[in-house]
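Commentary on secondary and tertiary structure
Chain by chain, the residues:
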Amino acid sequence: MRSLIICLLGCVLLLGCREEQVPGIENSGLHVIGNKKKLDLISLTAYPDGGFLLGGNSRRLGNQRLIVSKYDVNLNLEWERVVGGSLDNKFFKLTIDKQGNIVVAGFSYGFGKDTVPLNEHKWWNPYVHLLTSDGQTIWEISPPVSGGAGQGSGIEERITDILQDQAGNYLFSGEVFGSVSSSIHPVIFKVFKGGDSLATYDYGKKNPRGKMEAIFEYDQRYYAFNYWRDADTDDPQARVFQIPNWLGNSDLTISPVWTDWIWPEFRNDRIGGHKQIRNGNEFIYNYFFANQVYRYTYKQVDNSIQGDWLPLGVDHVVLTNTTFDNHFLLYSEDGEINELDEELGYLNSFKTNWKVDQMCKLSNGEYVIGLERNDNLYLVHYDQNGKIRSHE
C-alpha cells in the first residue's frame, strides 16, 4: 500500500496529474516543513556529510526570526535553530566554513540591546550567527557597519556574499542604509573569527547608488565585485577592486584593479547573480535573465575584464541556484528544473507541477527541492534521474 501511495505522489509531482494526494507520508520522499504564512524558504545548501541545510525566515514565535535546520540525506531532521533579535529579522545568506561551521547572515531589527559588543542603533543592521555542525551557537554579532546608521526599511538592505579568509575571519558584502545620504550604501565588512571585533569599509562614501555583489580570493588576496549607475549619465558601470588587508583599521582606501567598464544593456529584469572561480585565477559573475546570461569574466593574470551575452537554452527562467560542484540549477515557469554545467551546457532535467521555492543538489548527485502548494511548503527528494526517491 505504501508503495502505491509513493507512486501516486510521483504521478502528481512529475507528470502533472490532477488527482491531489496527501503529502507527508512516513519514510516517503516528500516531507511537510511548514505553512507559507509562517515560513519563508530562502536557502537550501548541501552539507559535506551528504545532508543539507535549510535557511529562511520563521514567524512561528511571533516576530520574524532566522531559522536554520539540518537534515540528513533521507530528509530526517537532525536539529533546528531559530535565532536573531527579539524584534524582526531577515535571512539572506548561509555558507559552510572550512571547519564545517555554519555562517548565517541577515539583518536584524533590535538585536544588540543587551549583548556585547553593543549595537547602538538597534535598527536594521547586519546580523551574523556562527553555529557548529550540530547547531550550537559559537557566537552572534550585529556589526554597526560604517555608514549604516541603522534607520533603514529592511527592504533594500542585503547580504550578498560570505567568504572565510586564510586566517579564519569572515568577509561579507552587501548594502546598508546610510542615514547621512538617506540611501543604500554598498559595503564590505569583516568579522574576526572570535566574533569579538570587526572592521568595515563603506564604499558608499564614494558612490551610494551602487551594489556590492561578491567577494573572491586569489593568491591570498581578496577582491570585491560591484556595479553602480553613473550619477550624470545613469550608465551602469562594473569594477573589481582589491580589499585592503584589514588590521582593525577601517579607514583605508580601496584602489580599483581594473578600469571602469560600461555595460549599456544592464536591465532590471535580472533574476539573480552567481559567482564562479575558473582555473584558479579567473573570476566570473553571471547575471541570469529569463533565457540568457550576461557573464563578466575577470582575469587576474592580465588584469582584464570581458562581458558577454550567453544563451541559456532554457526559456522563462524564474529561479536560479548554484551547486556544490559549481553547476547551476534553473527553474522555469512551466515547472521544468534544469541542471547546467559551468559553461551552461545541459546536464539534466525533470518537471514538477508544484511551485518551486528553492533547489539543492546533494553531494551524492541527488536533489532536494522545496515546493509550495496551497500555502504549504514541502521538501521533496529526487534521485539523479529526477524521480521521487522512496526512503523505505
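Quantities reported herein were computed from a predicted structural model and do not represent experimental measurements.

So, the overall build of the protein chain
Within the protein chain, the secondary structure is distributed over one helix and 28 strands. Residue burial in the protein chain is summarised as follows: out of 392 residues, 54% are buried. For the protein chain, the accessible area works out to roughly 16,900 Å², and carbon and sulfur atoms hold 46% of it.

Looking at the sheet that holds strand 20 (residues 292-299)
Strands in a sheet are paired, the pairing made by backbone hydrogen bonds, and the direction either parallel or antiparallel. With antiparallel pairing, four strands are arranged side by side in an open sheet as 18-19-20-21. Since the sheet does not close on itself, it has two edges, and those belong to strand 18 (272-278) and strand 21 (304-311), each with one partner. The sheet shows a mean angle of 20° between the axes of neighbouring strands, direction not considered. Inspection of the sheet shows strand 19 (residues 282-288) paired to strand 20 by seven bridges, in the antiparallel sense. Opposite Asn286, over in strand 20, you have Arg295 as the bridge partner.

Description of the environment of Val128
Within the secondary structure, Val128 sits in strand 8 (residues 124-131). On the basis of relative accessibility, which here comes to 0%, the residue Val128 falls in the buried class. Counting along the chain gives 23 residues from Val128 to Ala105, while the straight-line C-alpha distance between them is 4.6 Å. Among all residues touching Val128, those that are not within four sequence positions of it are Val103, Val104, Trp139, Glu140, Ile141, Phe172 and Phe189.

Some details on the confidence of the model for the protein chain
Here the protein chain averages 79 in pLDDT, while 73% of its residues score no lower than 70. Confidence, read as mean pLDDT per element, is least for helix 1 (residues 2-15) in the protein chain (41) and greatest for strand 3 (residues 52-58) (96). For the stretch residues 147-154, pLDDT sits under 50, and the model shows 26 contacts to residues farther than four places along the chain or on other chains. Contacts of residues 247-262 to residues separated by more than four positions or lying in other chains number 46 contacts, the stretch itself having pLDDT below 50.

Digging into the pattern of salt bridges
Taken as a whole and assessed by the stated rule, the structure comprises 18 salt bridges. Residue Arg295 is joined to Glu343 by a salt bridge in which the shortest nitrogen-to-oxygen separation is 3.3 Å. Of this pair, Arg295 sits in strand 20 while Glu343 sits in the loop between strand 24 (336-340) and strand 25 (346-351), and the two are 48 residues apart along the sequence. On the accessibility criterion, Arg295 (4% relative accessible area) is buried. What emerges from the salt-bridge pattern is a single network uniting Lys36, Lys355, Asp357 and Glu372.

Topic: the sheet that holds strand 27 (residues 367-373)
Taking strand neighbours across the sheet as the criterion, the four strands line up as 1-28-27-26 in an open arrangement whose pairing is antiparallel. Two strands close off the open sheet at either side, each with one partner strand: strand 1 (30-35) and strand 26 (355-361). Taken pair by pair, the neighbouring strands of this sheet meet at an average axis angle of 20°, ignoring direction.

Some thoughts on the side chain of Glu339
By secondary structure assignment, the location of Glu339 is in strand 24. On the accessibility criterion, Glu339 (4% relative accessible area) is buried. In contact with Glu339, other than residues within four places in its own chain, are His327, Phe328, Leu329, Gly345, Tyr346, Leu347, Asn348, Lys361 and Tyr367.

Looking at the packing of aromatic side chains
What the rule picks out here adds up to 20 aromatic pairs. Judged by centre distance (5.1 Å) and plane angle (65°), the rings of Tyr285 and Tyr287 are edge-to-face. With relative accessibility at 1%, the residue Tyr287 sits in the buried group.

What about the environment of Leu77?
Mapping Leu77 onto the fold places it in strand 5 (residues 77-83). Sequence-wise, Leu77 and Leu53 are 24 residues apart; in three dimensions their C-alpha atoms are separated by 9.8 Å. Leave out the neighbours within four places in its chain, and Leu77 touches Ser69, Lys70 and Tyr71.

A few points about the pairing of strand 24
A large share of strand 24 lies buried, amounting to four of its five residues. Summarising the sheet, strand 23 (residues 328-332) and strand 24 pair through four bridges and their orientation is antiparallel. Paired with Leu329 across the bridge in strand 24 is Glu339. Connecting strand 23 to the antiparallel partner strand 24 that follows it, the hairpin turn spans three residues, and Gly335 within it adopts a positive phi of roughly 90°. In this structure, strand 24 lies alongside strand 25, joined through five bridges in antiparallel fashion. Residue pairing across strands places Glu336 opposite Lys351, the latter belonging to strand 25.

Topic: the pairing of strand 4 (residues 65-71)
The buried fraction of strand 4 amounts to six of the seven residues, a majority that puts the element mostly inside the structure. Two strands pair when backbone bridges link them, and strand 3 and strand 4 are joined in this way by seven bridges, in the antiparallel orientation. Bridge pairing in strand 4 links Ser58 to Arg65. Hairpin remark: strand 3 followed by strand 4, antiparallel, with six residues in the connecting loop; positive phi at Gly62, about 105°. In terms of strand pairing, strand 4 meets strand 5 through six bridges, oriented antiparallel. Each bridged residue has a counterpart across the sheet, and for Lys70 the counterpart in strand 5 is Trp79.

Rules of the game
Residues numbered from 1 in each chain as written. Predicted model: local features only at pLDDT ≥ 70, side-chain atom pairs only at ≥ 80, totals over all residues. Heavy atoms only, no water. Helix = DSSP H or I, 4+ residues; strand = E, 2+ residues; numbered from the N terminus. Buried < 20%, exposed > 50% of the residue type's maximum accessible area, 1.4 Å probe, protein only. Areas by Shrake-Rupley, 256 points an atom, 1.4 Å probe, with all protein chains shown as cover. Pairing = 2+ DSSP bridges. Axes fitted to C-alpha atoms, helices over the stretch in contact; angles between N-to-C directions. Contact = heavy atoms within 4.5 Å. pLDDT = per-residue confidence, 0-100. Salt bridge = Lys/Arg side-chain N within 4 Å of Asp/Glu carboxyl O. Phe/Tyr/Trp six-rings, centres within 6.5 Å; stacked < 30°, edge-to-face > 60°.

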